[in-house]
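Results of the structural survey
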Amino acid sequence: MKSIREIFRNNPSLLDEPEVQQLIDYCEELQDEVVEFKFQKTDNKELAMLDMLKEVIKGCNAIEKEQMEHERYGYPAPDYLETISNLKSYIYSRCRDEKIYL
């Protein structure tokens, strides 16, 4: 699943449009419903948690890649690298503690 930043990477000014904001809100609602549906379908919290954790890790990796591209081409970018690294470390350590394998 592509992130919103990834979709609007070439034209970030579109994010300010009201119609785009409505579409983003609607997509976020649908994502929540998909997670709920997966939980109801399997009736297993662990599978839903695994799915969410995988999405978080995937998003973190995408932002790390974006940060490296900003550094490579020399234009300023938000410094999310340390935050993302800390988040990934926390998730991996919790998964190790809970014996969850991603």
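Below or above, wherever it landed, is the structure these notes cover. (Residues numbered from 1 in each chain as written. Predicted model: local features only at pLDDT ≥ 70, side-chain atom pairs only at ≥ 80, totals over all residues. Heavy atoms only, no water.)

Some remarks on the overall build of the protein
To keep it simple, the criterion reads: By definition, any uninterrupted DSSP run of H or I lasting at least four residues is a helix, any uninterrupted run of E lasting at least two residues is a strand, and each is numbered from the N terminus. With a 1.4 Å probe rolled over the protein chains alone, any residue whose accessible area is under 20% of its type maximum counts as buried; one over 50% counts as exposed, and the rest are partly exposed. Contacts are residue-level and defined by heavy atoms, with any inter-residue pair within 4.5 Å sufficient. A 1.4 Å probe and the Shrake-Rupley method give the accessible areas. Residues count as covered only by the protein chains that appear here.
Secondary structure summary: the protein contains four helices and zero strands in total. Counting only residues that meet the buried cut, the protein has 16% of its 102 residues in that class. The contacts of the protein with a sequence gap of at least 6 include a subset with a gap of at least 24, amounting to 48%. Accessible area for the protein stands at about 8500 Å²; split by element, carbon and sulfur atoms hold 54% of it.

Let's talk about the layout of surface pockets
To find the voids left in a structure, one rolls a probe of water-molecule size over its atoms. Where we set the bar: Points on a 1 Å grid, built from protein atoms alone, make a cavity when a 1.4 Å probe fits but cannot get out and make a pocket when they are open with protein on both sides within 12 Å along at least 5 of 7 lines; residues with an atom within 4 Å of a point are the lining residues. Grid points are joined across faces, edges and corners, and a volume is the space filled by probe spheres set on the points.
Of the voids in this model, the largest pocket is the one considered here, and its volume is about 1400 Å³. Lining the largest pocket are 41 residues, and of these K2, S3, I4, R5 and G59 lie nearest its centre. When contributions to the lining of the largest pocket are tallied by element, the ones reaching two or more residues are α1 (4-7), α2 (18-42), α3 (45-73) and α4 (81-98).

Some remarks on the environment of K88
Positionally, K88 belongs in helix α4. With 32 residues separating them along the chain, K88 and V56 place their C-alpha atoms 8.5 Å apart.

Here's the deal with the nonpolar core
Stated formally: Throughout, nonpolar core names a set of buried Ala, Val, Leu, Ile, Met, Phe, Trp, Tyr and Cys residues whose side chains join them through atoms within 4.5 Å.
One finds L50, L53, I57, I91, C95 and I100 forming the largest nonpolar core, which totals six residues. Breaking this core down by element, the ones donating at least two residues are α3 and α4. By residue number, the principal contributor to this core is α3, which donates three residues. The contact partners of L50, leaving out residues within four places of it in the chain, are I100, Y101 and L102.

Remarks on the pattern of salt bridges
Where charged atoms of side chains with opposite charge meet at close range, the side chains can pair. The criterion, for reference: A carboxyl oxygen of Asp or Glu within 4 Å of a side-chain nitrogen of Lys or Arg is what we treat as a salt bridge.
Counted under the stated rule, the structure contains one salt bridge. Put simply, E64 and K88 hold a salt bridge, and the shortest N to O gap is 3.2 Å. Separated by 24 residues along the polypeptide, E64 in helix α3 and K88 in helix α4 bring together distant segments of the chain. On the accessibility criterion, K88 (15% relative accessible area) is buried.

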